[in-house]
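Observations on the three-dimensional arrangement
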Amino acid sequence: MLSLRQFQQFLAVAEAMSFRRAAERLNMAQPPLTAAIRLMEEELGVKLFERTNRIDSLTVAGEVLREEAQRTIIQAERAMALTRRAGAGEIGSLRIGFVASAVRQLLPTLIAAFRESHPGVVLELEEAPTARQVAALLDDRIDIGIAALPLPPSAVQRITVQTVVRDRLVAAIPARHKLALAPDDPIAFAALANEPWILFPPNEGPGLHSTILQSCAQAGFTPRVAQRAVQMETIVGLVAAGLGVALVPGLFGEAGREGVVFRDLAGAGSPIPYEVALAWRTGNNRPALEAFIRTGHRASDKR
């Protein structure tokens, strides 16, 4: 088996057609180079050069070896370059889960920034509530999640999080509701006590669901859930239809929605924080993943 070094030595001689000039190019003495070529010919059992006192030409076998050696060197250089890029997280693939609320602001900014700096990494995106993301992370079906905090206690030991969005929950109220007709000021959280609520199922986001119920308890009531919906966009749409009130991230209020009035909360049980974080399996140090986390950190610094 010829080594890359032997291929390089042979190509230097084949290109220079001179042992002396090839040795100078390789920064080595001429006798060892001449001996190396002679050893190659012995190992292959063929003559590579036609020569008298000097090299006259390549033999037919030498011509074939020159073409193959060039391909081998190019492929070896490519292999090393790709390996270095993979080690730097510049190529490969990354499986990303995300909550629907991230689509409004965070996800487009984050993905665009990462693709600009790491265009060789293939991104596989999957929309999923926080609970499904946690299960997918633990089962190695995704590499990183963009999830709503807090995570279930059972996952805290095995999943690392990095908060990238800090917001608060606001009340989403049908535009014709009496609470929506009040001045544009915060409303008492307890004012929602007797209203029908639209809330996501507890198993889809157990941490946030528990936080909401605890805040309601602090305000002195238990919400009367009239409708269930998984995605925040759907919840806002049902509020617009007049089916009830809901708590949604403040960014929905910033964007606005026809048929819905958004109000900050005041009084016992408020404010209710809403945080979105990058989440990944503790100990997973894939270069592409680490690069994505760094991008997320920079994106959160700009918010």
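This write-up is about the structure you can find in this document. (Residues numbered from 1 in each chain as written. Predicted model: local features only at pLDDT ≥ 70, side-chain atom pairs only at ≥ 80, totals over all residues. Heavy atoms only, no water.)

So, about the overall build of the protein chain. Each helix and strand counted, the protein chain has eleven helices and 13 strands in total. Its C-alpha atoms give the protein chain principal-axis dimensions of roughly 105 × 35 × 25 Å. Out of the 303 residues in the protein chain, the part that is buried amounts to 47%. In the protein chain, of all internal contacts separated by at least 6 residues, the share reaching a separation of at least 24 is 72%. In the form shown here, the protein chain has an accessible surface area of approximately 15,400 Å², with 52% of it arising from carbon and sulfur atoms. Of the charged side chains in the protein chain, 33 are positive and 31 negative; the average position of the first set lies 1 Å away from that of the second. (Helix = DSSP H or I, 4+ residues; strand = E, 2+ residues; numbered from the N terminus. Buried < 20%, exposed > 50% of the residue type's maximum accessible area, 1.4 Å probe, protein only. Contact = heavy atoms within 4.5 Å. Areas by Shrake-Rupley, 256 points an atom, 1.4 Å probe, with all protein chains shown as cover. Lys, Arg positive; Asp, Glu negative; His and termini not counted. Charge placed at Lys NZ, Arg CZ, Asp CG, Glu CD.)

For residues other than glycine, phi is negative in most cases, and the peptide bonds are mostly trans. Note that the residue after Leu149, namely Pro150, is joined by a cis bond; omega there is 0°. Mapped onto the secondary structure, Pro150 falls in the loop between strand E5 (144-148) and helix H7 (153-156). In this chain, Ser270 is followed by Pro271 through a cis amide linkage whose omega measures -5°. One can find Pro271 in the loop between strand E12 (265-266) and strand E13 (273-281). One non-glycine residue with positive phi stands out, namely Asn27, at about 60°. By secondary structure assignment, the location of Asn27 is in the loop between helix H2 (19-26) and helix H3 (30-44).

Structural remark: α-helix, 3.6 residues per turn; residues separated by three or four positions point the same way. Taking 1.5 Å per residue, 13 residues should reach 18 Å; helix H1 (residues 4-16) reaches 18 Å between its end C-alpha atoms and fits that length. Here H1 has its buried residues at Gln6, Phe7, Gln9, Phe10, Leu11, Ala12, Val13, Ala14 and Ala16. The first or second residue beyond H1 is Met17, which carries a positive phi of 50°. (Expected span 1.5 Å × (residues − 1).)

Honestly, it's all geometry; don't read function into it.
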